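Examination of the molecular architecture
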Amino acid sequence: MIKKALFAAALAVAGVAAHAETATYAVDPTHTFVTYEILHFGTSTNRGRFDQKEGTVQLDKAGKSGKVDITFQIGSVNTGVAAMNTHLKSDDFFSAEKFPTAQFVGDKFTFDGEKVTAVSGQLTMKGKTAPVTLNAKNFNCYQNPMLKREVCGGDFDAVIDRTNWGIDYGLAYGFSKNVHLIIQVEAVKQ
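Because the structure is predicted, anything quoted here is derived from the model rather than measured.

On to the pattern of salt bridges, then. According to the stated counting rule, one finds six salt bridges in the structure shown. The salt bridge partner of Glu-150 is Lys-61, with a shortest N-O separation of 2.5 Å. Note that Glu-150 is positioned in strand β10 (residues 149–161) and Lys-61 in the loop between β4 (53–60) and β5 (65–73), a separation of 89 residues in sequence. Of the residues examined, Glu-150 reaches a relative accessible area of 17% and is grouped as buried. Owing to a relative accessible area of 29%, Lys-61 belongs among the partly exposed residues under this scheme. One salt bridge in this structure joins Lys-137 and Asp-157, with 3.8 Å as the shortest N-O distance. Placement of Lys-137 in strand β9 (residues 128–144) and of Asp-157 in strand β10 is noted, with a sequence separation of 20 residues between them.

Quick look at the structure:
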């Protein structure tokens with residue numbers, strides 16, 4: 001009797017595992033934005049974005065797990081001010097020539113029901129890697145009527161300490177070390 005119960009339990013677990021399916025999604029660069037905000041002398045907020053980005057998302061909705069890998073080109077930083085862009089690419093900030101990309105790889109997904117509420121992982125920038133948890137402000141999957149495929153995405157953000165990546169320019173002047181990182185992402189099922 002015990003053997004039958006254990007066998008039935010093993011079959012049930014195997015059945016659940018068989019139904020769990022990891023889907024792969026390609027990041028849509030036209031609906032994905034990596035932006036940041038930083039307080040400027042406690043007066044106003046400076047903003048910028050990285051125009052070139054790519055990546056993939058793997059999502060197992062039933063198993064409540066996944067992996068996200070987003071890479072952005074540091075040289076594509078864009079504040080809307082050419083001189084500021086040049087300064088941000090310099091060794092004072094991102095050292096774009098030495099470190100042309102930054103990458104977020106998240107492999108711990110937190111769910112509330114069907115919705116992803118956070119993704120934890122590692123952000124690598126300027127040759128340094130530190131943990132970051134991106135909190136979801138929105139998350140949804142939908143059938144895109146133009147692409148005829150499923151699209152999943154949301155708005156994710158975190159406040160990071162830029163000194164973890166060796167970016168400390170302006171601290172002596174009173175610039176904040178805290179940066180609001182925002183990653184708006186939509187990814188198309190492959």
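Right, let's talk about the side chain of Ser-76 for a bit. Residue placement: Ser-76 occurs in the loop between β5 and β6 (77–78). Residue classification places Ser-76 among the buried positions, given a relative accessible area of 9%. A polar contact of 3.0 Å, which involves the side chain of Ser-76, links it to the backbone nitrogen of Asp-51. There is a polar contact of 3.0 Å between the side chain of Ser-76 and the backbone nitrogen of Gln-52. Ignoring sequence-local partners within four residues, the contact set of Ser-76 consists of Arg-49, Phe-50, Asp-51 and Gln-52.

With that out of the way, let us pick up the pairing of strand β11 (residues 178–189). Every regular strand shows the same layout, with side chains that alternate between the two sheet faces. Inspection of the sheet shows strand β1 (residues 23–27) paired to β11 by three bridges, in the antiparallel sense. Looking at the pairing, Ala-26 lines up with Val-188 of β11. Note: β10 against β11, eleven bridges, orientation antiparallel. Paired with Cys-152 across the strands is Ala-187, a residue of β11.

Our next topic: the state of the cysteines. Disulfides are covalent bonds that link the sulfur atoms of two cysteine residues. By the definition in use, this model includes one disulfide. Across the disulfide, Cys-141 is cross-linked to Cys-152 (sulfur-sulfur distance 2.0 Å). Between Cys-141 and Cys-152, the S-S dihedral sits near 115°, and the bridge is therefore right-handed. On the criterion of sequence distance, the pair formed by Cys-141 in strand β9 and Cys-152 in strand β10 is long-range, its members being eleven residues apart.

A ring pair, where both rings are aromatic, is described by two values, the distance of the centres and the angle of the planes. Per the counting criterion, the structure on display carries nine aromatic pairs. Three or more aromatic residues link up through ring pairs in this structure, and these residues are Phe-41, Phe-93, Tyr-169, Tyr-173 and Phe-175.

For the protein chain, mean pLDDT is 91; residues scoring 70 or higher make up 89% of the total. Below pLDDT 50 for its whole length, residues 3–18 participates in zero contacts with residues either more than four positions away or in separate chains.

What follows is about unusual backbone geometry. Phi at Lys-64 is positive, roughly 55°, even though this residue is not glycine. By the element assignment, Lys-64 lies in the loop between β4 and β5. For Lys-64, a relative accessible area of 34% gives the class partly exposed. You will see that Lys-148, though not glycine, has its phi angle at about 60°, which is positive. Considering the arrangement of structural elements, one finds Lys-148 in the loop between β9 and β10.

The rules behind these values
Residues numbered from 1 in each chain as written. Predicted model: local features only at pLDDT ≥ 70, side-chain atom pairs only at ≥ 80, totals over all residues. Heavy atoms only, no water. Salt bridge = Lys/Arg side-chain N within 4 Å of Asp/Glu carboxyl O. Helix = DSSP H or I, 4+ residues; strand = E, 2+ residues; numbered from the N terminus. Buried < 20%, exposed > 50% of the residue type's maximum accessible area, 1.4 Å probe, protein only. Polar contact = N/O pair within 3.5 Å; in protein donor to acceptor, adjacent residues only side chain to side chain. Contact = heavy atoms within 4.5 Å. Pairing = 2+ DSSP bridges. Disulfide = S-S within 2.5 Å. Phe/Tyr/Trp six-rings, centres within 6.5 Å; stacked < 30°, edge-to-face > 60°. pLDDT = per-residue confidence, 0-100.

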